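# Structure at a glance
So you can see what is in the structure, the chains are spelled out below.
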Amino acid sequence: MVQKQLYLFNPDHDLALANQDPNYMSPVLVRQLADDLAILPVWYGGADDFVLAPSRWNATWLASVREDFPGLPSLITEPEVAYKDLIPSPWGWNPAIRKRLHLLGVKESVLPTQDELAHFRICSSRQLAVRLLPQLQLNEWFCGESFYLSTTDEVETFLRRFPVCVLKAPLSGSGRGLNWCRHGATPPIVNWCKNVIKKQGGVAAEPSYDKVLDFAMQFYTHKGKVSFQGYSLFYTSVSGAYDGNLLAGNNEIEQRLANYIPLKCLNLLQKKLKQVLSDSLDEHYTGYLGVDMMICRFPEDYRLHPCVEINLRMNMGMTSRLICDRYVSPSRTGVFKVVYYSSTDDLLKEDQRMRMVFPLDIQEGKIFQGYFKLVPPHPTARYSAYILVD
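## Describing the pairing of strand β13 (residues 302-311)
Of all 10 residues in β13, 9 are buried, a share of seventy percent or more. Between strand β12 (residues 287-297) and β13, which pair antiparallel one after the other, the connecting turn spans 4 residues.

## Focus on the side chain of R303
The topology assignment puts R303 in strand β13. There is a polar contact of 3.3 Å between the side chain of R303 and the side chain of D301. Aside from chain neighbours lying at most four places away, what touches R303 is E140, W141, F142, C143, I261, M294, I295, C296 and F298.

## Focus on the nonpolar core
In terms of nonpolar packing, the biggest core is built from 50 residues, with L6, F215, L273, L277, L304 and I310 touching the most fellow members. Among the elements that line this core, the one with the most residues is helix α10 (residues 263-281), at 7 residues. A38, V51, W91 and F372 belong to the second-largest nonpolar core, a separate cluster that totals 37 residues.

## Focus: the layout of surface pockets
Considered as a void within the structure, the second largest pocket measures approximately 740 Å³ in volume. Lining the second largest pocket are 27 residues, and of these Q5, I87, S89, Y220 and T286 sit closest to its centre. Secondary structure elements with two or more residues in the lining of the second largest pocket: β1 (5-8), β4 (87-90), α5 (114-124), β9 (211-222) and β12. When residues in the lining of the second largest pocket are grouped by element, the largest group, 4 residues, is from β4.

## Observations concerning the environment of G184
Here G184 lies in the loop between β7 (178-181) and α8 (187-200). Since its relative accessible area comes to 7%, G184 is described here as buried. On a C-alpha basis, the gap between G184 and R161 in space is 8.8 Å, while along the polypeptide they are 23 residues apart. For G184, the contacting residues outside a window of four places in its chain are L159, P163 and I189.

## Thoughts on the packing of aromatic side chains
Summed over all chains, the structure comprises 19 aromatic pairs. Centre to centre, the rings of W43 and Y327 are 5.2 Å apart; their planes meet at 85 degrees, and the pair counts as edge-to-face. With W43 in the loop between α2 (28-36) and β2 (50-52) and Y327 in helix α11 (residues 316-327), the pair connects residues that are 284 residues apart, well separated along the chain. Summarising the burial analysis for this pair, W43 and Y327 share the class buried. Between Y371 and Y386, the aromatic rings sit 5.2 Å apart at their centres with planes inclined by 55 degrees, giving tilted as the arrangement.

## Quick notes on the sheet that holds β1
Across the sheet, 4 strands lie side by side as β3-β2-β1-β4; this open sheet has parallel pairing. Of all the strands in the sheet, the pair left with one neighbour each is β3 (74-76) and β4. Each neighbouring strand pair of the sheet contributes to a mean axis angle of 30 degrees, computed without reference to strand direction. As paired elements, β1 and β4 share 4 bridges and run parallel to each other. Residue L8 lies in a different strand from β4, and its bridge partner there is P90. Packing against the sheet, helix α4 (residues 95-103) makes contact with β1, β2 and β4, and its axis sits at approximately 125 degrees to β1.

## Digging into the pattern of salt bridges
According to the stated counting rule, one finds 18 salt bridges in the structure shown. With a closest N to O distance of 2.2 Å, E300 and R303 form a salt bridge. Among the ionic contacts, a cluster of salt bridges with common partners joins E300, D301 and R303.

## Brief notes about the sheet that holds β13
Strand order in the open sheet formed by 9 strands is β13-β12-β9-β10-β11-β14-β17-β16-β15, and the pairing between neighbours is antiparallel. Two strands bound the open sheet, and with one partner strand each, they are β13 and β15 (361-363). Averaged over all pairs of adjacent strands, the angle between their axes in this sheet comes to 30 degrees, without regard to strand direction. Bridging between β15 and strand β16 (residues 366-373) involves 3 bridges; their strand directions are antiparallel. Looking across to β16, one finds that D361 is bridged to Q369. The strands touched by α11 are β9, β10 (225-236), β11 (242-247), β12, β14 (334-340), β16 and β17 (383-389); relative to β11, the strand with the most contacts, the crossing angle is about 25 degrees.

## A few points about empty space enclosed by the protein
Taken as a whole, this structure holds 3 cavities of 30 Å³ or more when the rule is applied. Its boundaries defined by the atoms lining it, the largest cavity holds a volume of some 110 Å³. Lining the largest cavity are 14 residues, and of these D14, S124, S172, I310 and N311 sit closest to its centre. For the lining of the largest cavity, the secondary-structure elements that each account for two or more residues are α1 (13-19) and β13. Partitioned by chemical class, the residues of the lining of the largest cavity number 5 nonpolar, 5 polar and 4 charged. Considering only enclosed or pocket space, the second largest cavity measures out at about 70 Å³ in volume. Lining the second largest cavity are R126, A129, V130, L133, S146, K168, A204, A205, E206, H305, C307 and V308. For the lining of the second largest cavity, the elements supplying multiple residues, two or more each, are α6 (126-132), β8 (203-207) and β13.

Criteria and cut-off values
- Every chain is numbered on its own, with residues counted from 1 as its sequence reads.
- Local features in this predicted model are restricted to residues whose pLDDT is 70 or higher, and side-chain atom pairs enter the listing and the counts only when it is 80 or higher, whereas totals over whole chains, interfaces and linings include all residues.
- Each side-chain value is derived from all of the structure's non-hydrogen atoms; neither hydrogens nor water enter the calculation.
- Whether a residue is buried, partly exposed or exposed follows from its accessible area with a 1.4 Å probe, protein chains only, as a fraction of its type maximum: under 20%, in between, or over 50%, in that order.
- Elements are defined by DSSP. Helices are runs of H or I of four residues or more, strands are runs of E of two residues or more, and each kind is numbered from the N terminus.
- When DSSP finds two or more bridges between two strands, those strands count as paired.
- In the analysis that follows, any N or O atom pair within 3.5 Å is treated as a polar contact, provided that within protein one partner can donate a hydrogen and the other can accept it, and provided that, for residues neighboring in sequence, both atoms belong to side chains.
- Residue contacts are defined here by distance: any two heavy atoms, one from each residue, within 4.5 Å place the two residues in contact.
- Note on terminology: a nonpolar core comprises buried Ala, Val, Leu, Ile, Met, Phe, Trp, Tyr and Cys residues joined through side-chain atoms within 4.5 Å.
- Site definitions follow a grid-based scheme: protein atoms alone, a 1 Å grid, a 1.4 Å probe that fits but cannot get out for cavities, and for pockets an open set with protein on both sides within 12 Å along at least five of seven lines, plus lining residues having an atom within 4 Å of a point.
- Grid points are joined across faces, edges and corners, and a volume is the space filled by probe spheres set on the points.
- When the centres of two rings from Phe, Tyr and Trp lie within 6.5 Å, Trp using its six-membered ring, the rings pair. Their planes under 30 degrees apart give stacked, over 60 give edge-to-face, and anything left gives tilted.
- Axes, fitted as lines to C-alpha atoms, cover a helix only where it is in contact. Angles between the N-to-C directions of the axes lie from 0 to 180 degrees.
- Any Lys or Arg side-chain nitrogen found within 4 Å of a carboxyl oxygen on Asp or Glu counts as a salt bridge.
- In this classification, Asp, Glu, Lys and Arg are treated as charged, Ala, Val, Leu, Ile, Met, Phe, Trp, Tyr, Cys and Pro as nonpolar, and every other residue, Gly included, as polar.

The following block contains the structure:
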């Protein structure tokens, strides 16, 4: 018998993992994101599962969307958690979320141990991506160099070699913790690196590439067995921050990638990644993970950077993958977006405009076209998540 899951959205995971304090308190805007999108896991959980979220505005909204999508998980609030025998599945595991779940009454036996949390932290660091990248250079269609620098001398040596580059805090995510360097070892760059090294032990660094597009391979691992779950093609801002996902079938994304890279290379990489991830993660971690990649332009051709970073957690790419596969008509494409608004009034006005301009059309239990909001609006909301099909 498969035990029911308890899903919860903790988008402060990367920050909490870097901080390591079980009592960690995330910044105000990150807590706002967690509140506004608390119900988001209903779109990737199963019909028998539960999503931890306040009932204030979520319960009525969930009842209404169930009319079109009856297979969604149920809502559960914090006081009810102790009375259910559930397996917790947060967005990501860190000491703070473990403590929160323990205080809510989740059994110790289904929570990760301190040793497991330490292992997850090691595997979540960009240091792992640096270590695995050379193993993923499978043939002449692949590219990419990355380095882990643990002293300021190493930083300055690297910057003399690559004055135009990107420097990354080992533990950060969704485009945060990046520092784009365009003029070598300037004092602000060196001081930033010195601060990151002091806090996290090192800096990940890589040369700048002429990126054409971002995508990821998504995986699920259980008891050491890693399985491929599909592709996600995503958009980023100029600074590298996450800006949304393409909603399209795996075959459609694969064909887009094949405009640049032979399909055999993608298949080889998928097989190799399953092997190296299994070796690195062993049997402790159960859940989704994504490996971010990019297609890069070179003077004579295009090449594939196979491991920009590894997200050892649920991620927006996997979320959009499951939403597309489950709820979007197979013949259609669209976008998945998470958007921040300067005021609740702006959010509500834009929601109303989108509903009018892109009316929703659901056919045979799938979204055929139009705008669909994935979370309910509420009186203090500033973040919204939605999909727009064709």
